[in-house]
Amino acid sequence: MAYTIAFFGTKPYDEASFNEKNKEFGFELRFFKGHLNRHNVLLTQGVDAVCIFVNDTADAEVIKTMAANGVKLLALRCAGYNNVDLKAAAENGVTVVRVPAYSPYAVAEYTVALMLSLNRKIPRASWRTRDGNFSLHGLLGFDMHGKTAGIIGTGKIAKILIHILKGFGMNILAYDLYPDYNFARENQIIYTTLDELYHSSDIISLHCPLTEQTKYLINDYSISKMKDGVMIINTGRGQLIHTNALIEGLKNKKIGSAGLDVYEEESEYFYEDKSDRIIDDDVLARLLSFNNVIVTSHQAFFTREALANIAATTLENIRDFKNLKPLVNEVKLGNT
């Protein structure tokens, strides 16, 4: 019998990319549109592995039921794993693997797209000209050349972003708990404190993981230290920003603009078509009302190359588990 994998929370593009890559592997793939949760976990009966994405739920109850159904492997087709109870997985003998990186270029390039769109008011300009309004009033931007970008977290994505921004002639300040001083020397960037980064940056971009230490890193207090009119970009994790604090900063003009590809309560909305309904999340609705804010649906990763890489790494992780090979992308409690 073929090794069977149940996919949850899938879209047509997921099916297309995994079916194409699976020609090399020969697994039996079952795709389910609904997000994994306690109500549909029974669909994991008779499968060898389960594959989930960011808005699926793998809490203790779901993992215990999966294990009882005979599932031995939980494969995340994403980098984040905050939706997985790793303690429950360990206790129930379920191995967890992930895709640590799919295309850092995709996210870095999208980050720059948000910066440019906000700075040069491109969405507003496009709406105007479609309506026959060719006035320039209200569309004034600034030269990015010579400005300072503060980059919080300097992993693969951030390093590519830094290369791009250096191409604009920007000065780079960086903060990381584990600074890469060789990279800093080679690229003429400065590691500094968070306070100095907040105080000196014209644009702040978030690229750190979500941990207990970084949750709500951007809050009332940190915003108060920033330059007036600062631009904030988040293509990392929604809970890095306290959204109400961000809204207050936008209202009092401390924050000049914000580009958000993630939102702390995004699971109810992102990746779904809600256009026929009223948005009943008052905080999200408020964010969407600002003309100096761009909110997109967690799509920074979304390129052909990234989808191909996600499918390849996910299926390779599953093949390695099946063949009892070392799991280079395993996520374990205690070493994350």
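Structure's up top.
Residues numbered from 1 in each chain as written. Predicted model: local features only at pLDDT ≥ 70, side-chain atom pairs only at ≥ 80, totals over all residues. Heavy atoms only, no water.

A. Up close: the sheet that holds strand β11 (residues 255-260). On the basis of which strands lie adjacent, the open sheet formed by 7 strands has the order β8-β7-β6-β9-β10-β11-β12 and parallel pairing. Single-partner strands in this sheet number two, and they are β8 (190-191) and β12 (293-295). When strand β10 (residues 230-234) meets β11, the two strands line up parallel, connected through 5 bridges. Following the sheet pairing, Ile233 is matched in β11 by Gly259. Seen against the sheet, helix α10 (residues 243-251) touches β10, β11 and β12 and runs at an angle of roughly 140° to β11. (Pairing = 2+ DSSP bridges. Helix = DSSP H or I, 4+ residues; strand = E, 2+ residues; numbered from the N terminus. Contact = heavy atoms within 4.5 Å. Axes fitted to C-alpha atoms, helices over the stretch in contact; angles between N-to-C directions.)

B. Layout of the pattern of salt bridges. Applying the stated criterion across every chain yields a total of 11 salt bridges. Here Asp228 and Lys254 are joined by a salt bridge, their closest N and O atoms 2.8 Å apart. With Asp228 in the loop between α9 (220-224) and β10 and Lys254 in the loop between α10 and β11, the pair connects residues that are 26 residues apart, well separated along the chain. Residue Asp228 is classed as exposed on the basis of its relative accessible area of 65%. A residue is classified by how much of its surface remains accessible, and Lys254, at 19% relative accessible area, is buried. Residue Arg277 pairs with Asp276 through a salt bridge whose shortest N-O separation is 3.8 Å. An identical accessibility class is assigned to Arg277 and Asp276; each is exposed. (Salt bridge = Lys/Arg side-chain N within 4 Å of Asp/Glu carboxyl O. Buried < 20%, exposed > 50% of the residue type's maximum accessible area, 1.4 Å probe, protein only.)

C. Quick look at the side chain of Ser222. On the secondary structure map, Ser222 appears in helix α9. Using a relative accessible area of 4% as the deciding quantity, one classes Ser222 as buried. Reaching out from Ser222, the side chain makes a polar contact with the backbone oxygen of Leu217 at a distance of 3.0 Å. Residues in contact with Ser222, not counting those within four places in the same chain, are Tyr198 and Leu217. (Polar contact = N/O pair within 3.5 Å; in protein donor to acceptor, adjacent residues only side chain to side chain.)

D. Spatial organisation of empty space enclosed by the protein. Applying the stated criterion across every chain, the model contains 2 cavities of 30 Å³ or more. Size it by volume and the largest cavity reaches roughly 120 Å³. Lining the largest cavity are 15 residues, with Gly9, Tyr13, Asp14, Phe53 and Arg77 positioned closest to its centre. Looking at the lining of the largest cavity, the elements that each hand over two or more residues are α1 (12-22) and α12 (304-322). Class assignment for the residues of the lining of the largest cavity results in 7 nonpolar, 3 polar and 5 charged. Within this model, the second largest cavity holds a volume of roughly 40 Å³. Taken together, Asn234, Gly238, Ile241, Thr243, Leu260, Val262, Tyr263 and Glu264 make up the full set of residues lining the second largest cavity. Here the residues of the lining of the second largest cavity are counted per class, giving 4 nonpolar, 3 polar and 1 charged. (1 Å grid on protein atoms, 1.4 Å probe; cavity = no way out; pocket = protein on both sides within 12 Å on 5 of 7 lines; lining within 4 Å. Points joined across faces, edges and corners; volume = space filled by probe spheres on them. Nonpolar A, V, L, I, M, F, W, Y, C, P; charged D, E, K, R; others polar.)

E. Examining the layout of surface pockets more closely. A volume near 1,500 Å³ is recorded for the largest pocket. Together, 45 residues line the largest pocket, and His207, Cys208, Pro209, Leu210 and Arg237 are the ones closest to its centre. When contributions to the lining of the largest pocket are tallied by element, the ones reaching two or more residues are α4 (104-119) and α6 (156-167). With 3 residues, α6 is the largest single contributor of residues to the lining of the largest pocket. A breakdown of the residues in the lining of the largest pocket according to their chemical character gives 26 nonpolar, 14 polar and 5 charged. In this structure, the second largest pocket spans a volume of roughly 530 Å³.

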